[in-house]
Amino acid sequence: LAALKVPTSTELKATPQPWSPQPIPEVYRKLQGEYDNFQNIVNDPAAAPQQGTNAALISLAYFHIDDAIARFTKVMDKFCNLPQAAKAKDGILAIYEAQNNFDAIQRTNDKFIASKCGDKGTIDAAIAQNRSLNFSRANALFAEKKYGQAAESFYRCYKTAPPTDTDLPGALYNAAVSYRL
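Keep in mind that this is a model prediction, so the values were computed, not measured. (Residues numbered from 1 in each chain as written. Predicted model: local features only at pLDDT ≥ 70, side-chain atom pairs only at ≥ 80, totals over all residues. Heavy atoms only, no water.)

Draft legend 1. Quick look at the packing of aromatic side chains. Within this structure, the stated rule accounts for 5 aromatic pairs. Taking 5.4 Å as the distance between ring centres and 65 degrees as the angle between the ring planes, the aromatic pair formed by Phe-135 and Phe-154 counts as edge-to-face. Remark: Phe-154 occurs in helix H8 (residues 147-160) and Phe-135 occurs in helix H7 (residues 120-143); sequence separation between them is 19 residues. The pair Phe-135 / Phe-154 is uniform in exposure class, with both members buried. Across the ring face of Phe-112, the terminal group of Lys-89 is positioned such that the distance to the ring centre comes to 5.2 Å. (Phe/Tyr/Trp six-rings, centres within 6.5 Å; stacked < 30°, edge-to-face > 60°. Helix = DSSP H or I, 4+ residues; strand = E, 2+ residues; numbered from the N terminus. Buried < 20%, exposed > 50% of the residue type's maximum accessible area, 1.4 Å probe, protein only. Lys NZ or Arg CZ within 6 Å of the ring centre and 35° of its normal.)

Next up, the structure:
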């Protein structure tokens, strides 16, 4: 049996879509079931979230994407008050990022923020991810040769970002270039 190979975000993005689920070997199915049982039964906030994440990673490794998202979401919801919720959220975001599903990224981060999951640092990170998401949306518009919309979107990024945002110079430059095209 080959070792479990979970694709990175970059590898996911490079894999042609739509992704086809692959059969999960029986030994990994059983292991996934045990991870589920541990997460559902054992009242150990230090270990249970990781077991749920491990179960999600098995699904992700075999491209059972909807199941992986559901499992990551369960961890994020069930252990919202723990820092591990942010790891589960980031697992979800990696999938959506590979799919260029900006709306789903925004919804996931908004839910995380509204539920006050994780801690102040992870909530601040989710807020920053949403700001960067606007930059990604603008880049997608530019790639689609929708230059007018891209210019507006880049400029909106520039105007709404805090002064310390590292995307500020690029947003202003890209707004100007998009406008000229």
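Draft legend 2. Just the nonpolar core, in detail. In this structure, Leu-12, Trp-19, Ile-65, Phe-72, Ile-95 and Phe-112 are the most contacted members of the largest nonpolar core, which totals 31 residues. Among the elements of the structure, helix H3 (48-61), helix H4 (65-78), helix H5 (84-98), helix H6 (102-114) and H7 are those that each provide at least two residues to this core. Here the element with the most residues in this core is H5; it accounts for 8 residues. Discounting chain neighbours no more than four positions away, the residues touching Leu-12 are Pro-7, Trp-19, Leu-60, Phe-63, Ala-94, Ile-95 and Ala-98. (Core = buried A, V, L, I, M, F, W, Y, C linked by side-chain atoms within 4.5 Å. Contact = heavy atoms within 4.5 Å.)

Draft legend 3. Expanded view of H8. Given a rise of 1.5 Å per residue, 14 residues ought to cover 20 Å, and the 20 Å separating the end C-alpha atoms of H8 matches this to within 8%. Among the residues of H8, those classed as buried are Ala-150, Ala-151, Ser-153, Phe-154 and Cys-157. Buried residues along H8 sit in contact with H7 and helix H9 (168-180). (Expected span 1.5 Å × (residues − 1).)

Draft legend 4. Quick look at the packing of H5 against H7. Axis separation between H5 and H7 bottoms out at 11 Å; the angle between their running directions is 20 degrees. With respect to their mutual orientation, H5 and H7 come out roughly parallel. For the element pair H5 and H7, the recorded crossing hand is left-handed. Counted together, Ala-86, Lys-89, Asp-90 and Leu-93 of H5 and Thr-122, Ala-126 and Gln-129 of H7 form the full contact between these two elements. Its residues assigned to classes, the contact of H5 with H7 comprises 3 nonpolar, 2 polar and 2 charged. (Axes fitted to C-alpha atoms, helices over the stretch in contact; angles between N-to-C directions. Parallel < 35°, antiparallel > 145°, perpendicular 65-115°, else oblique. Left-handed = near helix turned anticlockwise from the far one by under 90°. Nonpolar A, V, L, I, M, F, W, Y, C, P; charged D, E, K, R; others polar.)

Draft legend 5. Structural view of the environment of Pro-21. Here Pro-21 shows up in the loop between helix H1 (9-14) and helix H2 (26-41). Along the backbone, Pro-21 and Phe-63 are 42 residues apart, and their C-alpha atoms lie at a distance of 4.6 Å. Excluding its chain neighbours within four sequence positions, the residues that come into contact with Pro-21 are Tyr-62, Phe-63 and His-64.

Draft legend 6. Spotlight on the pattern of salt bridges. Per the counting criterion, the structure on display carries 9 salt bridges. Asp-124 serves as the salt-bridge partner of Lys-120, at 2.8 Å between the closest nitrogen and oxygen. Remark: Asp-124 and Lys-120 occur in helix H7; sequence separation between them is 4 residues, near one turn of the helix. Classification of Asp-124 as partly exposed rests on a relative accessible area of 35%. The shortest N-O distance in the salt bridge between Arg-131 and Asp-165 comes to 3.5 Å. Of this pair, Arg-131 sits in helix H7 while Asp-165 sits in the loop between H8 and H9; the two residues are 34 residues apart in sequence, bridging distant segments of the chain. The class for Arg-131 is partly exposed, based on a relative accessible area of 30%. Judged by its relative accessible area of 14%, Asp-165 falls in the buried class. (Salt bridge = Lys/Arg side-chain N within 4 Å of Asp/Glu carboxyl O.)

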